[in-house]
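# Residue-level structure breakdown
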Amino acid sequence: MTATDEYEILVLKYGTRNTTRNDVFLNYGLYREPNAPMQMDYFCWIARNDSRTVVVDTGFSQAGGTARGRTMLIDPRDALSGLGVHPSDEPVVVITHAHYDHIGNLAHFSRSPIVVARDEVEFWAGPYGRHAQFRHSVEDDELRVLAGAVDSGRATLFSDLYQVAEGIEVIRVGGHTPGQAVVSVRTSDGPVLLASDAVHYYEECDRNMPFMSAANLIDMYAGFDLVKAMVADGSAAHVVSGHDPAKHARVTVAARPLVHECAVLRYYWSGGQGSL
């Protein structure tokens, strides 16, 4: 292994909203716990070194966020540009799943290679993704952008595991959506698992409390088990959740303003604690 096989990870917070536990956890009443406010933050991620840059998800668009009452702290396109990530460089874009807050700016990378699970693409192109229980989480225009990338040959569709480059692997876990994926990234501080919406909140995984939106509940539980197994065997030294503001307390990070006072850039430091 060489230094070119290791990456720094940038976690970009671009949006937020206020919600409640009732609205976050599936069938929350079963736990016989009081309802309470929760914050949900929105992120996209970058893994990069001197050889390459890989973008993991592209955040929600202005239209997609506004339609759902989300607060955009900074347009992800502007934040990415401020970090030196430009469409003209054609970075690889990994799509963990096709919800509005993960592919909202995919059109920004109109020439980039795309990596996405085959199950995800086929589900949204098929008959069941049209039902209201699923459709509320996507934008038709954005799905058409993804389909166009597939039709043009820019997209790599994988089944269970795909190596983007030495040190970066994408693993399909399903659950939240049929093709929900997590991304393992090698860093100087050990492997980091970008769990995306396989783990919206750490509490989901810690307590086996599924998120309210699940395409396959059994796969969601299995995804929790996989994440915990990866932590236990050392294949995930750190776990980064998809939406939990508490990620600050789960890994050792350094924070500083980016190109907007609300956008935060976090680097993984040696000695961080990332176990569940």
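Located above this text is the structure these notes cover.
Residues numbered from 1 in each chain as written. Predicted model: local features only at pLDDT ≥ 70, side-chain atom pairs only at ≥ 80, totals over all residues. Heavy atoms only, no water.

## So, the overall build of the chain
What the chain contains, in helices and strands, is ten helices and 14 strands. In the chain, which comprises 276 residues, the share counted as buried stands at 53%. Pairs at least 24 residues apart make up 65% of the contacts formed inside the chain by residues separated by at least 6 positions. For the chain, the exposed surface amounts to about 11,600 Å²; the carbon and sulfur share of it is 49%. (Helix = DSSP H or I, 4+ residues; strand = E, 2+ residues; numbered from the N terminus. Buried < 20%, exposed > 50% of the residue type's maximum accessible area, 1.4 Å probe, protein only. Contact = heavy atoms within 4.5 Å. Areas by Shrake-Rupley, 256 points an atom, 1.4 Å probe, with all protein chains shown as cover.)

## Quick word on the environment of Leu193
For Leu193, the position within the fold is in strand β11 (residues 190–196). Along the backbone, Leu193 and Ala236 are 43 residues apart, and their C-alpha atoms lie at a distance of 5.7 Å. When near neighbours in sequence (up to four residues on either side) are disregarded, Leu193 contacts Val182, Val183, Ser184, Val227, Met230, Ala236, His238, Val239 and Val240.

## Some words on the pairing of strand β3 (residues 53–56)
The side chains of a regular strand alternate between both faces of the sheet. Sheet topology note: the strand β2 (residues 37–48)/β3 ladder contains four bridges and is antiparallel. Note on β3: the bridge partner recorded for Ile46 is Val55. Turn length for the β2-β3 hairpin, with the two strands adjacent in sequence and antiparallel, is four residues. (Pairing = 2+ DSSP bridges.)

## Brief notes about helix α9 (residues 217–232)
Look at α9: 23 Å from first C-alpha to last across 16 residues, which is about the 22 Å you get at 1.5 Å a residue. For α9, the full list of buried residues reads Met220, Gly223, Phe224, Val227, Met230 and Val231. Along the long axis of α9, the arc covered by the buried residues comes to 130°, so they all point the same way. Residues of α9 that are exposed and point more than 90 degrees away from the buried face comprise Ile218 and Ala232. Buried residues along α9 sit in contact with β9 (168–172), β11, α8 (202–207) and β12 (238–241). (Expected span 1.5 Å × (residues − 1). Arc of directions from axis to C-beta.)

## Here's the deal with the packing of aromatic side chains
When we look at a pair of aromatic rings, we describe it by the centre distance and by the angle of the planes. Counted by the stated rule, this structure contains eleven aromatic pairs. Ring centres 4.8 Å apart and planes at 70° place the aromatic pair Tyr14 and Phe60 in the edge-to-face group. Of this pair, Tyr14 sits in strand β1 (residues 8–20) while Phe60 sits in the loop between β3 and α2 (62–67), and the two are 46 residues apart along the sequence. Judged by relative accessible area, which is 1%, Phe60 ranks as buried. Where Tyr221 meets Phe224, the ring centres are 6.3 Å apart and the plane angle is 85°; that geometry is what we call edge-to-face. Taken together, the residues Tyr221 and Phe224, both in helix α9 and three residues apart, mark about one turn of the helix. Site record: aromatic cluster; members linked through ring pairs are Tyr14, Tyr42, Phe60 and Tyr100. The ring centre of Tyr100 lies 4.0 Å from the NZ or CZ of Arg68, which sits over that ring. (Phe/Tyr/Trp six-rings, centres within 6.5 Å; stacked < 30°, edge-to-face > 60°. Lys NZ or Arg CZ within 6 Å of the ring centre and 35° of its normal.)

## Focus on the sheet that holds strand β8 (residues 161–165)
Taken together, five strands build an open sheet; the order of strands is β8-β9-β10-β11-β12 and the sheet is mixed. Each edge of the open sheet is held by one strand with a lone partner, namely β8 and β12. Across the sheet, the mean angle from the axis of one strand to that of its neighbour is 20°, orientation sign disregarded. Pairing of β9 with strand β10 (residues 181–187), which is carried by five bridges, proceeds in the antiparallel orientation. (Axes fitted to C-alpha atoms, helices over the stretch in contact; angles between N-to-C directions.)

## Regarding the sheet that holds β1
Read across the open sheet, the seven strands follow the order β4-β1-β2-β3-β5-β6-β7; overall the sheet is mixed. In the strand order of this sheet, the two ends are held by β4 (71–72) and β7 (155–158), each with one partner. Across the sheet, helix α5 (residues 118–125) is in contact with β6 (114–117) and β7; its angle to β6 comes to roughly 75°.

## Observations regarding the side chain of Arg48
Its place among the elements puts Arg48 in strand β2. Here the side chain of Arg48 touches Glu8 through a polar contact of 2.8 Å, side chain to side chain. Of the polar contacts made by the side chain of Arg48, one reaches the backbone oxygen of Leu83; its length is 2.7 Å. Excluding residues that lie within four positions of it along the chain, Arg48 makes contacts with Tyr7, Glu8, Leu10, Thr53 and Leu83. (Polar contact = N/O pair within 3.5 Å; in protein donor to acceptor, adjacent residues only side chain to side chain.)

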